[in-house]
Amino acid sequence: MEQRKNILTASYKARLLDRMLTAIIDARTSAEHLPGLLAQLTAGAVDGVVRQVLIVAAAQQPGIEDLCEETGAEALLGIASAARSARAEWIVVLPADFRLRDGWIGALKGHLERGQGAALVQGWSDGGLFAWRPFGILVERSRLETAEDSDLKGLRRRLGLGRRRTG
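These figures come from a predicted structure and were not determined experimentally. (Residues numbered from 1 in each chain as written. Predicted model: local features only at pLDDT ≥ 70, side-chain atom pairs only at ≥ 80, totals over all residues. Heavy atoms only, no water.)

Enquirer: Would you mind going over helix H7 (residues 152-159) in detail, with residue names and values included?
Expert: What H7 keeps buried is the set Leu152, Gly154, Leu155 and Leu159. Down the axis, H7 shows its buried residues gathered within 160 degrees of arc, on one side only. Against the buried residues of H7 lie helix H4 (79-85), strand S4 (90-95), strand S7 (135-140) and helix H6 (141-144). Of the residues trailing H7, Gly160 is marked for its positive phi of about 75 degrees. (Buried < 20%, exposed > 50% of the residue type's maximum accessible area, 1.4 Å probe, protein only. Helix = DSSP H or I, 4+ residues; strand = E, 2+ residues; numbered from the N terminus. Arc of directions from axis to C-beta. Contact = heavy atoms within 4.5 Å.)

Okay, here's the thing in structure tokens:
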């Protein structure tokens, strides 16, 4: 009986981990708004959506190491190397000034549970009424591990993302 319980528990944990993702935050151009995004991702970790947070930073970018130590995130130098360090099969790559929309946790959970593929993640920035609308991407780890380190726009084009959206 105990062995069956352990097998069921392991199976349940495996299903949960399949629905979790690694968040990679691209902070190479600016890390000013990074704490706000990290706070949003903490809610996702509590709710069982975010498994790991990796921050892509420029070499010796001031304050990143301290922020990583405080939040449990890890700093790396490129998106491809961050993808290779990811523990989850699904990765969401976001710019540091990105803000997730209300309901993002439910939207991402639903997207992953339905088994839908890679998608563009829409959000907003703190730039005011006429600010540009930043985007992130949700993609399988294997598609990012060999990607060249470029900006999100280049990754989106190379991965063929642009129509399906989530978040």
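Structure shown, so let's carry the discussion forward.
Enquirer: An account of the pattern of salt bridges is needed here, citing residue identities and associated values.
Expert: Where charged atoms of side chains with opposite charge meet at close range, the side chains can pair. If you walk through the whole model with that rule in mind, you get four salt bridges. Notably, a salt bridge pairs Asp26 with Arg28, separated by 2.9 Å at the nearest N-O pair. Classification of Arg28 as partly exposed rests on a relative accessible area of 25%. We note a salt bridge from Glu140 to Arg143, for which the minimum N-O separation is 3.8 Å. Classification of Glu140 as partly exposed rests on a relative accessible area of 24%. Of the residues examined, Arg143 reaches a relative accessible area of 33% and is grouped as partly exposed. (Salt bridge = Lys/Arg side-chain N within 4 Å of Asp/Glu carboxyl O.)

Enquirer: Any chance you could break down the environment of Arg19 for me, citing the residues and the numbers?
Expert: Tracing the sequence through the fold places Arg19 in the loop between helix H1 (2-18) and strand S1 (21-26). Residue class for Arg19 comes out partly exposed when judged on its relative accessible area of 36%. Sequence-distant contacts of Arg19, that is, excluding residues within four places in its chain, are made with Val49, Leu112 and Glu113.

Enquirer: Provide a residue-level description of a negative patch on the surface, including the pertinent values.
Expert: Together, Glu65, Asp66, Glu69 and Glu70 give the surface a local cluster of negative charge. You can see Glu69 is positioned in helix H3 (residues 64-71). (Patch = residues over 30% accessible without salt bridge, like charges linked within 9 Å, V, L, I, M, F, W, Y side chains within 5 Å. Areas by Shrake-Rupley, 256 points an atom, 1.4 Å probe, with all protein chains shown as cover. Lys, Arg positive; Asp, Glu negative; His and termini not counted. Charge placed at Lys NZ, Arg CZ, Asp CG, Glu CD.)

Enquirer: Account for the packing of aromatic side chains, naming residues and giving values.
Expert: Given two aromatic rings, their pairing is described by the distance between the two centres and the angle made by the two planes. Following the criterion strictly, the structure yields zero aromatic pairs and no others. Above the plane of the ring of Phe135 lies Arg156, whose end atom (NZ or CZ) is 4.7 Å from the centre. (Phe/Tyr/Trp six-rings, centres within 6.5 Å; stacked < 30°, edge-to-face > 60°. Lys NZ or Arg CZ within 6 Å of the ring centre and 35° of its normal.)

Enquirer: Can you tell me about the pairing of S1, naming the residues and giving the values?
Expert: Across the six residues of S1, six count as buried, placing the element largely inside the fold. Side chains Leu21, Ala23 and Ile25 of S1 all project onto a buried face; the interleaved residues Thr22, Ile24 and Asp26 project onto the opposite face, where all are buried too. Here six bridges tie S1 to strand S2 (residues 50-56), and the two strands are oriented parallel to one another. Note that in S2 the partner of Ile25 across the bridge is Ile55. For the crossover from S1 across helix H2 (residues 34-46) to S2, the handedness is right-handed. Here S1 pairs with S4 via six bridges, running parallel. Residue Ile24 lies in a different strand from S4, and its bridge partner there is Val93. (Pairing = 2+ DSSP bridges. Right-handed = clockwise from strand over helix to strand, strands pointing away.)

Enquirer: Go over the layout of surface pockets, please, and point to the residues and values.
Expert: Rolled over the atoms, a probe with the dimensions of a water molecule shows which regions are left empty. In this model, the second largest pocket occupies a volume close to 220 Å³. When contributions to the lining of the second largest pocket are tallied by element, the ones reaching two or more residues are H2 and S2. Ranked by residues supplied to the lining of the second largest pocket, first place goes to S2 with five residues. Broken down by class, the residue content of the lining of the second largest pocket amounts to seven nonpolar, four polar and three charged. (1 Å grid on protein atoms, 1.4 Å probe; cavity = no way out; pocket = protein on both sides within 12 Å on 5 of 7 lines; lining within 4 Å. Points joined across faces, edges and corners; volume = space filled by probe spheres on them. Nonpolar A, V, L, I, M, F, W, Y, C, P; charged D, E, K, R; others polar.)

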